[in-house]
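The lines below spell out each chain.
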Amino acid sequence: MDRRELSDRYVNPYTDFGFKKLFGTEINKDLLISFINSLLHGKEVVKDLTYLNTEHLGTGEADRKAVFDVYCENENGEKILVEMQRGEQQFFKDRILFYTTFPIRDQQMIKEWNYRLKAVYVIGILNFTFDEQSDDFYHHEVKLMDTRTKEVFYDKLTFIYLEMPKFNKSEEELNGMFEKWLFVLRNLSRLMERPKALQERIFTKLFEAAEIAKFTKTEYDSYEESLKTYRDWKNTIDTAELKGEKKGFKKGEKIGIEKGRKEGLEKGRKEGLEKGRKEGAKEKAIEIAKQLKAESVPVGIIIKCSGLSEEEINSL
């Protein structure tokens, strides 16, 4: 029996099924091309993409495995990783940097290779914030830079981070394809009809692909399961965050007061709170992993959600 019990009209792109349905399938390849080109602001034009294997192993048996959300290359052989990061985790930047080593090392397989590398782009769509200094700066483009001259030292490795919770523009405020794409990602599952501001042909295709009522029975069941995992995970994150913040604050406040006696109350309190937050973040990651493990969520997903290693998860 084909059940249509979900009240949403359009798929949630933060679910694993929704993200791969829109950006990880050959039939919707033009959606990914349009999205990537909007991020690069015309500096690099992607005309075509080829999807690559998203599961990568290290060069030795003991090497860690990496599983990408979307991994592809353009017509020039440049590699592009697209990651949907649904929640904050420990060592997030480290993991993303580790991921770049795979498309870099893969290039040594070319015959008569002379170390000349093709560019690698990493796009992180983040459902959390990591830059607390600015409430409205949500688009980060990171390259290797000479700290003295402030000039780009190496332009073939680019990290693009999008802090989605900071993007709060209304439909009337949208300017250009970049902002339109962010608006879609931020609001798609909450929309009941296609916004008038999104009249481009590419969005016609996107809304058709995202309409839940048009899913096959198999697609619908897969999405329902993916949505359940996402909701369970989000509830786990929210619960662990609340516990971690409370515990972290108490620890930090105590450490801060003690430090303040020696070096000044204000400085000690700040340092103490920072330490408390770190301890709270670790405890939050462990709590997330425990609850997801209890729900029989695959280890690969738990690693991405918590930031813990496979060994740490197995020991819980």
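Small disclaimer: the values here were computed from a predicted structure and weren't measured. (Residues numbered from 1 in each chain as written. Predicted model: local features only at pLDDT ≥ 70, side-chain atom pairs only at ≥ 80, totals over all residues. Heavy atoms only, no water.)

Asks: Got a sec to walk through the side chain of Glu-163? Specific residues and values, please.
Replies: Here Glu-163 is to be found in strand S8 (residues 152–163). Among the polar contacts made by the side chain of Glu-163, one reaches the side chain of His-140 at a distance of 2.6 Å. Excluding residues within four positions of it along the chain, Glu-163 makes contact with Leu-126, Phe-128, Thr-129, Phe-130, Asp-131, Phe-137, Tyr-138 and His-140. (Helix = DSSP H or I, 4+ residues; strand = E, 2+ residues; numbered from the N terminus. Polar contact = N/O pair within 3.5 Å; in protein donor to acceptor, adjacent residues only side chain to side chain. Contact = heavy atoms within 4.5 Å.)

Asks: Quick one: what's the story with the pattern of salt bridges, residue by residue and with numbers?
Replies: With the rule as written, the count across this model stands at 15 salt bridges. Of the charged contacts in the structure, one is a salt bridge between Asp-30 and Lys-205, with a shortest N-O distance of 2.9 Å. Remark: Lys-205 occurs in helix H5 (residues 201–210) and Asp-30 occurs in helix H2 (residues 29–40); sequence separation between them is 175 residues. When its relative accessible area of 32% is taken as the criterion, Asp-30 is described as partly exposed. Take Lys-205: its relative accessible area is 26%, and that puts it in the partly exposed class. (Salt bridge = Lys/Arg side-chain N within 4 Å of Asp/Glu carboxyl O. Buried < 20%, exposed > 50% of the residue type's maximum accessible area, 1.4 Å probe, protein only.)

Asks: I'd like a description of the packing of aromatic side chains, backed by residues and values.
Replies: For the coordinates displayed, the defined rule picks out 19 aromatic pairs. Seen in terms of ring centroids, Phe-23 and Trp-181 are 5.8 Å apart; in terms of plane orientation they differ by 50 degrees. Their pairing is tilted. In this pair, Phe-23 is assigned in helix H1 (residues 16–23) and Trp-181 in helix H4 (residues 176–187), connecting sequence segments 158 residues apart. The same class applies to Phe-23 as to Trp-181, namely buried. The interplanar angle of 70 degrees and the centroid separation of 6.4 Å between the aromatic rings of Phe-68 and Phe-102 together place this pair among those described as edge-to-face. (Phe/Tyr/Trp six-rings, centres within 6.5 Å; stacked < 30°, edge-to-face > 60°.)

Asks: Give a description of the confidence of the model for the protein that names residues and reports values.
Replies: When pLDDT is averaged along the protein, the result is 83; 82% of the residues meet or exceed 70. By mean pLDDT, the top-scoring element of the protein is H5 (97), and the lowest-scoring one is helix H7 (residues 265–294) (67). Ignoring residues within four places in sequence, the model shows residues 249–262, a span with pLDDT below 50, making 20 contacts including any to other chains. (pLDDT = per-residue confidence, 0-100.)

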